[in-house]
Amino acid sequence: MTLPLMPKATAVWLIEKTGLTFDQIATFCGMHPLEIQAIADGEVGGGINGYDPVKNNQLTETEIKRCEANPAARLKLTATPNPVARRAKGARYTPVAKRHDRPDAIAFVLRQFPQLNDTQIVRLLGTTKDTIAKIRNREHWNSPNIKPRDPVILGLCTQTDLNAAVQAANDRLVREGKPLENDHEAIDPESLFPSRDETGNSF
């Protein structure tokens, strides 16, 4: 069964934004209904940001409404014509005006997609392995002010390129016989970045 990208984060979004049953969400995300119940009750997943499957072309509003109207129905992942489309090799050029956002984007990718290797991040965000290492190890000169932010929203890469990189990383783990990284479980966010409120202030 093909699962959505970031299944646990997707489950958080579906719990918060839809009227789907726990069984429907569990089936779509490849999880147990009791896991969905625990997320809904706030027992687990408190630090996970919801991942919108509609905005990221994995579900449609129509499909969600169809299943909301029929608890016995099951969500179907939106088929993409080329889910692993990749752009040409080489690092991405980042406009000067956006370069100050790049550390935030790197922090986001390290936190949300730990299965991506440094070479993939270099190509995706047009950065260097040295910069990635400094942000990962909190040795970057601006570490106290780095706030993980989605590189797609920042305009540093496209959702298609990000999805392709994650899919390639997942494929690599499968080939190597390693378990897939599940959202935030591989790296403790608190070990990388301080907690922040909605204004971006540390607390």
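Calculation notes
- Residues numbered from 1 in each chain as written.
- Predicted model: local features only at pLDDT ≥ 70, side-chain atom pairs only at ≥ 80, totals over all residues.
- Heavy atoms only, no water.
- Axes fitted to C-alpha atoms, helices over the stretch in contact; angles between N-to-C directions.
- Helix = DSSP H or I, 4+ residues; strand = E, 2+ residues; numbered from the N terminus.
- Parallel < 35°, antiparallel > 145°, perpendicular 65-115°, else oblique.
- Left-handed = near helix turned anticlockwise from the far one by under 90°.
- Contact = heavy atoms within 4.5 Å.
- Nonpolar A, V, L, I, M, F, W, Y, C, P; charged D, E, K, R; others polar.
- Salt bridge = Lys/Arg side-chain N within 4 Å of Asp/Glu carboxyl O.
- Core = buried A, V, L, I, M, F, W, Y, C linked by side-chain atoms within 4.5 Å.
- Buried < 20%, exposed > 50% of the residue type's maximum accessible area, 1.4 Å probe, protein only.
- Polar contact = N/O pair within 3.5 Å; in protein donor to acceptor, adjacent residues only side chain to side chain.
- pLDDT = per-residue confidence, 0-100.
- Arc of directions from axis to C-beta.

Peer 1: What is the right way to look at the packing of helix α6 (residues 118–125) against helix α7 (residues 129–136) in this model?
Peer 2: Viewed as axis vectors pointing N to C, α6 and α7 meet at an angle of 110 degrees, and their least axial separation amounts to 9 Å. Put simply, α6 runs roughly perpendicular to α7. Like other packed secondary-structure pairs, α6 and α7 cross with a definite hand, here right-handed. Contacts from Asp118, Thr119, Ile121 and Val122 in α6 reach Lys129, Ile132 and Arg136 in α7. Taken together, the residues of the contact of α6 with α7 break down into three nonpolar, one polar and three charged.

Peer 1: What is the right way to look at the pattern of salt bridges in this model?
Peer 2: Side chains that differ in sign of charge can pair as their charged atoms come close. By the definition in use, this model includes five salt bridges. Residues Arg136 and Asp118 are paired through a salt bridge, measuring 2.8 Å at the closest nitrogen-oxygen approach. In this pair, Arg136 sits in helix α7 while Asp118 sits in helix α6, placing the two residues 18 residues apart along the sequence. Linked by salt bridges that have partners in common, Asp101, Asp104 and Arg149 make up one network.

Peer 1: Would you mind showing me how to read the nonpolar core here?
Peer 2: General note: in soluble globular proteins, nonpolar side chains tend to be found buried as a group. Among the nonpolar cores identified, the biggest contains 44 residues, and Leu14, Leu75, Phe113, Leu116 and Leu125 are the most heavily contacted of them. Elements supplying a minimum of two residues to this core: α1 (7–17), α2 (22–29), α3 (33–40), α4 (61–69), α5 (102–112), α6, α7 and α9 (159–175). Here this core takes six residues from α5, the largest share from any one element.

Peer 1: I keep staring at the side chain of Gln58 and nothing clicks. Help me out?
Peer 2: Within the secondary structure, Gln58 is located in the loop between α3 and α4. Classification of Gln58 by relative accessible area gives buried; the value is 7%. Polar side-chain contacts of Gln58 include one of 2.7 Å to the backbone nitrogen of Leu5. Excluding its chain neighbours within four sequence positions, the residues that come into contact with Gln58 are Pro4, Leu5, Phe28, Tyr51, Pro53, Lys76, Leu77 and Thr78.

Peer 1: Hey, could you run me through the confidence of the model for the protein in this one?
Peer 2: Low-pLDDT portions of the prediction should not be read for the details of their coordinates. Summary statistics for the protein give a mean pLDDT of 79 and a share of 77% for residues scoring 70 or more. Per-residue pLDDT stays below 50 along residues 182–203; that stretch engages in 50 contacts with residues further than four places along the chain or on separate chains.

Peer 1: Looking at this structure, I do not really get α3. What am I missing?
Peer 2: Side chains three or four residues apart in an α-helix point the same way, a direct result of the helix having 3.6 residues per turn. Inspection of α3 places Ile36, Ala38 and Ile39 among the buried residues, and these make up the whole buried set. Considered in projection along α3, the buried side chains sweep an arc of 160 degrees and stay on one side of the axis. Next to the buried residues of α3 lie α1 and α2. Once α3 ends, the next one or two residues include Gly42, with phi positive near 80 degrees.

Peer 1: Would you take a moment to explain unusual backbone geometry for this structure?
Peer 2: Negative phi values dominate among residues other than glycine, just as trans dominates among peptide bonds. Non-glycine residue Met6 carries a positive phi angle of around 50 degrees. Relative to the assigned elements, Met6 resides in the segment before α1. In this structure, Arg138 takes a positive phi of about 60 degrees despite not being glycine. Using a relative accessible area of 38% as the deciding quantity, one classes Arg138 as partly exposed.

Peer 1: Please explain the environment of Leu77 as it appears in this structure.
Peer 2: One can find Leu77 in the loop between α4 and α5. Accessibility expressed as a relative area gives 30% for Leu77, which makes it partly exposed. The sequence separation of Leu77 and Cys29 amounts to 48 residues, and the corresponding C-alpha distance is 10.0 Å. In contact with Leu77, not counting residues within four places along its chain, are Thr2, Leu3, Pro4, Phe28 and Gln58.

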